[in-house]
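Now for the letters of each chain:
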Amino acid sequence: MTVYESDLPGVGKKHEIELDDGSRLVVVTHHAGKREVYRRPSEDADSEKLFELSDKLARQVGTILEGAYFQPVKTDRIETLLAGNVVIEWVDVAPESPLVGVTLAGADIRQKYGISIIAIQRGDETIPSPAADTSIESGDTLVVLGQKDACRSFVGHVTGDED
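Below or above, wherever it landed, is the structure these notes cover. (Residues numbered from 1 in each chain as written. Predicted model: local features only at pLDDT ≥ 70, side-chain atom pairs only at ≥ 80, totals over all residues. Heavy atoms only, no water.)

### A closer look at the pairing of strand β2 (residues 12–18)
Here strand β1 (residues 3–8) runs beside β2; their pairing, made up of six bridges, is antiparallel. Pairing of D7 across the sheet is with K13, part of β2. Where β1 hands over to β2, the hairpin turn is made up of three residues, of which G10 adopts a positive phi near 80°. Both β2 and strand β3 (residues 24–30) contribute to a ladder of seven bridges, which runs antiparallel. Among the inter-strand pairings, E16 is bridged to a residue of β3, identified as V26. (Pairing = 2+ DSSP bridges. Helix = DSSP H or I, 4+ residues; strand = E, 2+ residues; numbered from the N terminus.)

Encoded structure:
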């Protein structure tokens, strides 16, 4: 997949994404935030407008497409980028993680890393806004919020891959 980016003076930016079938998805982002989405059957063909979205709706649709609400495939790294280089990231806790058996208060994650654990997924259960006395267990998935670099540093600690 190749993505082409170009400036549209007085309008905004255009991104063209090559799709597997040889067609292209074209997204025009206006300075005011509006998005227009087109499809080009081939590189040399004219674009056909598919739909238009407001800035707010485009961000909501983008979040859904990114998988923030549902992750159909398990991947090594799941993260959702928010404004200001802030991410929400899902971090799996392996049995050998130094956090297994430690409470959130004992781990002192907010102080050490500047991030917050906003939820814990434990099996079929989700613990939203976990309390300080909640213990981290092997197999948990921690949903963390923070600056991208801080989250990456925390992931290194959880997985034992610290730099």
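Continuing now.
### Overview of the nonpolar core
Counting residues in each nonpolar core, the largest one holds 20 residues, and the members touching the most others are L99, I109, I115, I117, L142, V144 and F154. A per-element tally of this core places helix α4 (residues 148–159) first, with five residues. Residues in contact with L142, not counting those within four places in the same chain, are E89, W90, V91, V93, L99, I117, A119, I120, I136 and F154. (Core = buried A, V, L, I, M, F, W, Y, C linked by side-chain atoms within 4.5 Å. Buried < 20%, exposed > 50% of the residue type's maximum accessible area, 1.4 Å probe, protein only. Contact = heavy atoms within 4.5 Å.)

### Points about the packing of aromatic side chains
This model, assessed by the stated rule, comprises one aromatic pair. A centroid spacing of 5.5 Å and a plane angle of 70° characterise the contact between Y113 and F154, whose relative ring orientation is edge-to-face. Of this pair, Y113 sits in helix α3 (residues 109–113) while F154 sits in helix α4, and the two are 41 residues apart along the sequence. Look at Y113 and you get buried, because its relative accessible area is 16%. (Phe/Tyr/Trp six-rings, centres within 6.5 Å; stacked < 30°, edge-to-face > 60°.)

### A look at the pairing of strand β10 (residues 141–147)
Most of β10 is tucked away: five of the seven residues are buried. Pairing analysis gives seven bridges linking strand β7 (residues 86–92) to β10, with the strands arranged antiparallel. Paired with V91 across the two strands is L142, which belongs to β10. Inspection of the sheet shows strand β8 (residues 116–122) paired to β10 by five bridges, in the antiparallel sense. Bridge assignment links Q121 to a residue of β10, and that residue is T141.

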